[in-house]
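For reference, the chains in residue letters:
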Amino acid sequence: MLLDIEYKGDSIGEDQIHMLNQVSKQVTFLKISDCNLSDVLIEQIDNIQHLTRIDLSNNQLGASAIDFLIKQPHLESANLNNTNITKEPLQQLLSQPGLKRVYVMNTKVTAEEIEDLRKTYEAIEIISQFQFEKVAEAKSVFAQEAKQ
């Protein structure tokens, strides 16, 4: 049995990390965003062998977050929006096999650095801004089709 875990508190501590470590072998998605997760605390999280997606956004994380992420053998997607990630650690993460997508809005990585990384790591989607597409006409999925 695999688990998706989302921490909903505004501040995470050692007790919560200890509880997470008790189920870490079953976790496939982990959302620990906007909870004051620190580099010290992320270093205490055990390797999560089935982790495919993680959301670490809105935390004051730096290179220690990348050190944690590169230990995850099945990681496909990482949300690092609003963190203190810089280019060099991000480049280490992008070098990991299996990674498909990384979100880096409002980080310490500059727009020029992101463009350079996109050229180097073309197979990985590096998302640094939201783009909205205009749709011709919105349809309700609940509206009934007229019967003919």
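In this report, we go over the structure that sits alongside the text. (Residues numbered from 1 in each chain as written. Predicted model: local features only at pLDDT ≥ 70, side-chain atom pairs only at ≥ 80, totals over all residues. Heavy atoms only, no water.)

## Digging into unusual backbone geometry
Trans is the common state for peptide bonds, and a negative phi is the common state for residues other than glycine. Our working rule: Strands are runs of DSSP state E lasting at least 2 residues, helices are runs of H or I lasting at least 4, and numbering of each runs from the N terminus.
Positive phi, normally seen in glycine, also occurs at Asn-36, with a value near 60°. By secondary structure assignment, the location of Asn-36 is in the loop between β2 (27–31) and α2 (39–42). The backbone of Asn-82 shows a phi angle near 55°, a positive value even though the residue is not glycine. Its place among the elements puts Asn-82 in the loop between β4 (77–79) and α4 (87–94).

## Section: the side chain of Asp-55
Note the cut-off: Burial here depends on accessible area, computed with a 1.4 Å probe over protein chains only, as a share of the maximum for the residue type. Under 20% is buried, over 50% is exposed, and the range in between is partly exposed. When charges are counted, neither His nor the chain ends are considered; positive counts come from Lys and Arg and negative counts from Asp and Glu. Just to be clear on terms, a salt bridge is a Lys or Arg side-chain nitrogen sitting within 4 Å of an Asp or Glu carboxyl oxygen. For the purposes of these results, a polar contact is taken to be a pair of N or O atoms within 3.5 Å, where, inside protein, one atom must be able to donate a hydrogen and its partner to accept one; residues adjacent in sequence count only when each atom of the pair is a side-chain atom.
Summarising the element assignment, Asp-55 is placed in strand β3 (residues 53–55). Buried and without a salt bridge, Asp-55 has Lys-31 as its closest oppositely charged side chain, separated by 4.3 Å. Here Ser-57 takes part through its side chain, which lies 2.6 Å from a polar atom of the side chain of Asp-55.

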